[in-house]
Amino acid sequence: MSDNTTTRPDDTSCAYTYTVKRGDSFYLIARRLGVPLRDLMNANPDIHPARLMVGDELCIPSCAEREAQEPAPLPDSFPVPDAPDAGNQPAPLPDSFPVPDMPDAGNQPAPLPDSFPVPDMPDAGNQPAPLPDKFPVPDAPGIEPGKPELVTCPENRRAVVQEGQTVADLQLEYDRSFHTLEAANPTLDLDDLKAGQTVCVPPVNLPCALPASVVLGEGETLESLSVRFNLPVATLLRANPCLAPDDFSQGVTVKLPQ
């Protein structure tokens, strides 16, 4: 209960009192009870609206008092003054306006034709010869005939196989993956190289597409899988949220990020 003492003006009649609850305000109480906010505040002059406290008792003014303070209702209708003399009114607009006659058709521009004549094509003898469907590719110097994969291979990227040299020797010498050499030499059998054959060695290794998942073999771990596929350990763990680091063991299917 607030320390405020509830005193009412002598001319204020309370229909009943209302006990303030948590969350109440003068505005909410007036709206809830259907009382004008001004009447509610006038009936409770001793309570400051900003200091309204739970337990305060408010005087709810009677209907007779509220009706005495309410302004007179507006009439349902207002008298309409007599219209001024019709002589002062502007002339009514006509229902339609005259449409001026169209100018003489002789002054109209000629209609566009439905089609335009197409000029005859010049004599075929003056036409340039049609382009061929394909152009011959000249043989590159020092390249064996029938090696189309070497046509776009720069000369400084070609290696001539020496006697007894294998594809593994080329990989070690140029630090290239088998996939890279195989993609650059589609017509060569890299497992059976012959002395004198020309092999194209790209300047960089081509990436391999990773499988969607892999089943770990005997002795494989999270770390060995990271080295095998050149993937960070953190990337493998994020791609397999249900696997803890120790779960990466033989027989476990591991998802590889694409």
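So, here is what we can say about the structure in this document. (Residues numbered from 1 in each chain as written. Predicted model: local features only at pLDDT ≥ 70, side-chain atom pairs only at ≥ 80, totals over all residues. Heavy atoms only, no water.)

A few words now on the state of the cysteines. Going through the model one piece at a time under the given rule, you end up with two disulfides. The partner cysteine of C14 in its disulfide is C59, sulfur to sulfur 1.7 Å. The sign of the -115° torsion about the S-S bond sets the C14-C59 disulfide as left-handed. In this pair, C14 sits in strand β1 (residues 14-19) while C59 sits in strand β2 (residues 57-61), placing the two residues 45 residues apart along the sequence. (Disulfide = S-S within 2.5 Å. Helix = DSSP H or I, 4+ residues; strand = E, 2+ residues; numbered from the N terminus.)

In this section: the pairing of β2. Most of β2 sits inside the fold, with four of its five residues counted as buried. Bridge analysis of β1 against β2 gives five bridges, and the strand direction is antiparallel. Bridging from a neighbouring strand, Y16 pairs with I60 of β2. (Buried < 20%, exposed > 50% of the residue type's maximum accessible area, 1.4 Å probe, protein only. Pairing = 2+ DSSP bridges.)

We now examine the layout of surface pockets. By volume, the largest pocket is sized at about 180 Å³. P207, C208, A209, L210, R228, F229 and N230 together form the lining of the largest pocket. When the residues that make up the lining of the largest pocket are grouped by side-chain class, the tally is five nonpolar, one polar and one charged. (1 Å grid on protein atoms, 1.4 Å probe; cavity = no way out; pocket = protein on both sides within 12 Å on 5 of 7 lines; lining within 4 Å. Points joined across faces, edges and corners; volume = space filled by probe spheres on them. Nonpolar A, V, L, I, M, F, W, Y, C, P; charged D, E, K, R; others polar.)

Let us look at the nonpolar core. Counting residues in each nonpolar core, the largest one holds 11 residues, listed as Y18, V20, F26, I29, A30, V35, L40, I47, L52, L58 and I60. For this core, the leading source of residues is helix α1 (residues 26-33), giving three residues. Residues contacting F26, with those up to four places away along its chain left out, are L37, L40, M41, N44, I47, H48, P49, L52 and L58. (Core = buried A, V, L, I, M, F, W, Y, C linked by side-chain atoms within 4.5 Å. Contact = heavy atoms within 4.5 Å.)

Structurally, E220 is set in the loop between β5 (213-215) and α6 (222-229). Among the polar contacts listed, one links the side chain of E220 to the backbone nitrogen of G217, at a separation of 2.5 Å. (Polar contact = N/O pair within 3.5 Å; in protein donor to acceptor, adjacent residues only side chain to side chain.)

On to unusual backbone geometry. One non-glycine residue, D175, lies in positive phi territory at about 55°. Locating D175 in the fold gives a position in the loop between α4 (167-174) and α5 (178-184). The phi torsion at N230 lies on the positive side, around 55°, for a residue other than glycine. Turning to its location among the elements, N230 is positioned in the loop between α6 and α7 (233-239).

Keep in mind these values describe shape, not function.
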